[in-house]
Amino acid sequence: MKITEYLRKKDGDKTPVSFELLPPMKGRGIESIYNSLDRLMEFNPPFINVTYHRSEYIYKKMPGGFFKKVITRKRPGTVGICAAIMNKYGVQAVPHLTCGGFSVEETEDALIDLHFLGVKNVLAIRGDAAKSEARFTPETGGHAYSSDLVKQIANMNKGIYLEEDLANAIETDFCIGVGGYPEKHFEAPNMNTDLKHLKKKVEMGANFIMTQMFFDNEKFFEFVKACREMDINVPIIPGLKPLTKRRQTTVIPSIFHVDIPDELELEIEKCKDDKAVEQVGKEWCINQSKELVKAGIPCLHFYTMSQSKIVSEIVREAM
Ligand code: FAD
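Residues numbered from 1 in each chain as written. Predicted model: local features only at pLDDT ≥ 70, side-chain atom pairs only at ≥ 80, totals over all residues. Heavy atoms only, no water.

1. Focus on the pairing of strand 4 (residues 67–72)
As defined by bridge partners, strand 3 (residues 56–61) adjoins strand 4 across six bridges and the pair is classed as antiparallel. Paired with tyrosine 57 across the two strands is isoleucine 71, which belongs to strand 4. (Pairing = 2+ DSSP bridges. Helix = DSSP H or I, 4+ residues; strand = E, 2+ residues; numbered from the N terminus.)

Printed below as a string of structure tokens:
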């Protein structure tokens, strides 16, 4: 079922919960995905997101001190994992589809595969700059912004493919999600400009917004208010991640460009070890979840990041 259909039809007051999983590192099996889901399925998630990780260049040291530039992909398998999840658990899987690493033709082929597999929802995102580059560079013939990717998917939903003379082309039926940033996307000059770009994604055909993680609910509430004032009226699904290690208080802001509130940071400073940090992070996330649910969010999304046990404890206490 499409996420927006599910959100419209869901009965009762219970706020649904959904989860994001990362494909395992190359060379590892799919068991880590199954282990996580065996634990998380008790919460009846309407959908499970699976992230996409593009290829990147790395420099490998060779005998003689030379460096060889090699291409590698650390976490392949997004589409296969989605198919496996849908097959094993009978739940909708939501593959993340990026602009980075894809030409428009490759995007079209990927969407055809997903349609054949019965995937009904996709999260259309740009992707970050490759590690070897300072800023995001689209693939030759690829999309520069996620709004362009949304447009391509929305076109396929109308039977419009890249080959304009393709007769009677089948219409795909994707529900399209996009990313939103309660604390602003780090490249945007200001919040207002970022929101205009978000509005464009919705005008191009996005059906729902899924947010970057945040640790201060006020930022989310302000973001939703600003979206509504701009006439961005699709469902906005907040995404949460519990802090579990002290070093995350610096790593998370540098990777995801989000703030750790003073109060949380002070609590973590007092912790003797990571076990204590985990407890503080868990309690913080439980309180965030409870407040968000009370505020009437359409669905609560968790970035599990190999922490399905802690996430399941949070959901059990908060929901
Ligand atoms: P865009 O919407 O394209 O925006 C990128 C920047 O460009 C923003 O600053 C925006 O304001 C600006 N912009 C947009 N349109 C225009 C325009 N027309 N002209 C000028 N500027 C414009 N990354 C992965 O690699 N794999 C994943 O699986 C993944 N999953 C994610 C899931 C969620 C829910 C979120 C929020 C992010 C995820 N990311 C993932 C990270 C994402 O790829 C990065 O945040 C990326 O830097 C931006 O992606 P976007 O789709 O928001 O980009």
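2. Details of the side chain of glutamine 288
Along the chain, glutamine 288 turns up in helix 10 (residues 274–294). Residue classification places glutamine 288 among the buried residues on the basis of a relative accessible area of 5%. Residues within four places of glutamine 288 in sequence aside, it is in contact with Phe214, Phe215, Asp216, Asn217 and Leu240. (Buried < 20%, exposed > 50% of the residue type's maximum accessible area, 1.4 Å probe, protein only. Contact = heavy atoms within 4.5 Å.)

3. Section: the pattern of salt bridges
Counted under the stated rule, the structure contains eleven salt bridges. Of the charged contacts, one joins arginine 54 and glutamate 139 as a salt bridge, the two residues approaching to 3.9 Å between their closest N and O atoms. Highlighted residues: arginine 54 in the loop between strand 2 (47–50) and strand 3 and glutamate 139 in the loop between strand 6 (121–125) and helix 5 (146–157), separated in sequence by 85 residues. The partner of lysine 219 in a salt bridge is aspartate 259, with the nearest N and O atoms 3.7 Å apart. Separated by 40 residues along the polypeptide, lysine 219 in helix 7 (residues 217–229) and aspartate 259 in the loop between helix 8 (248–256) and helix 9 (262–269) bring together distant segments of the chain. Residue lysine 219 is classed as partly exposed on the basis of its relative accessible area of 23%. Taking relative accessible area as the criterion, aspartate 259 reaches 46% and is therefore assigned partly exposed. (Salt bridge = Lys/Arg side-chain N within 4 Å of Asp/Glu carboxyl O.)

4. Focus: the site of the ligand
Around the ligand, a shell composed of 22 residues is seen, among which Asp128, Ser146, Tyr181, His185 and Asp194 lie nearest. Here an oxygen atom of the ligand sits 2.8 Å away from a polar atom, N or O, in the side chain of histidine 96. Histidine 185 is positioned such that a nitrogen or oxygen atom in its side chain is 2.7 Å from an oxygen atom of the ligand. When the ligand is considered free in solution it has 970 Å² of accessible area, and contact with the protein chains removes 86% of it. Among the elements of the structure, strand 6, helix 6 (191–204) and strand 8 (208–213) are those that each provide at least two residues to the shell around the ligand. The residue makeup of the shell around the ligand, split by class, is eight nonpolar, nine polar and five charged. (Near = heavy atom within 4 Å. Polar contact = N/O pair within 3.5 Å; in protein donor to acceptor, adjacent residues only side chain to side chain. Areas by Shrake-Rupley, 256 points an atom, 1.4 Å probe, with all protein chains shown as cover. Nonpolar A, V, L, I, M, F, W, Y, C, P; charged D, E, K, R; others polar.)

5. Things to note about helix 10
Here helix 10 is 21 residues long and its end C-alpha atoms lie 30 Å apart, about the 30 Å a rise of 1.5 Å per residue gives. For helix 10, the set of buried residues is Val277, Val280, Gly281, Lys282, Cys285, Ile286, Gln288, Ser289 and Leu292. Here the buried face of helix 10 lies against helix 7, strand 9 (236–240), helix 9, strand 10 (300–303) and helix 11 (308–318). Glycine 296, located one to two residues past helix 10, shows a positive phi value of around 90°. (Expected span 1.5 Å × (residues − 1).)

6. Details of the pairing of strand 8
Counted residue by residue, strand 8 has six buried out of six residues, so it is predominantly covered. As paired elements, strand 7 (residues 175–180) and strand 8 share four bridges and run parallel to each other. Residue glycine 177 lies in a different strand from strand 8, and its bridge partner there is phenylalanine 208. As a crossover connection, the stretch from strand 7 through helix 6 into strand 8 is right-handed. Where strand 8 meets strand 9, three bridges bridge the pair, whose relative direction is parallel. Paired with isoleucine 209 across the strands is isoleucine 236, a residue of strand 9. With helix 7 bridging strand 8 and the parallel strand 9, this β-α-β connection has right-handed handedness. (Right-handed = clockwise from strand over helix to strand, strands pointing away.)

7. A look at unusual backbone geometry
Despite not being glycine, asparagine 168 has its phi angle at roughly 50°, a positive value. Tracing the chain through its elements places asparagine 168 in the loop between helix 5 and strand 7. Judged by its relative accessible area of 79%, asparagine 168 is exposed. One non-glycine residue, histidine 257, adopts positive backbone phi at about 60°. Residue position: histidine 257 is located in the loop between helix 8 and helix 9.

8. Notes on the nonpolar core
Grouped together as the largest cluster of nonpolar side chains are 63 residues, with contacts concentrated most on Phe19, Ile85, Ile153 and Phe302. With residues up to four places along the chain from it excluded, the contact list for isoleucine 85 reads Ile33, Leu37, Ile48, Val50, Gly90, Val91 and Ala93. Residues Ile3, Met210, Ile252 and Cys299 belong to the second largest nonpolar core, which totals 22 residues. (Core = buried A, V, L, I, M, F, W, Y, C linked by side-chain atoms within 4.5 Å.)

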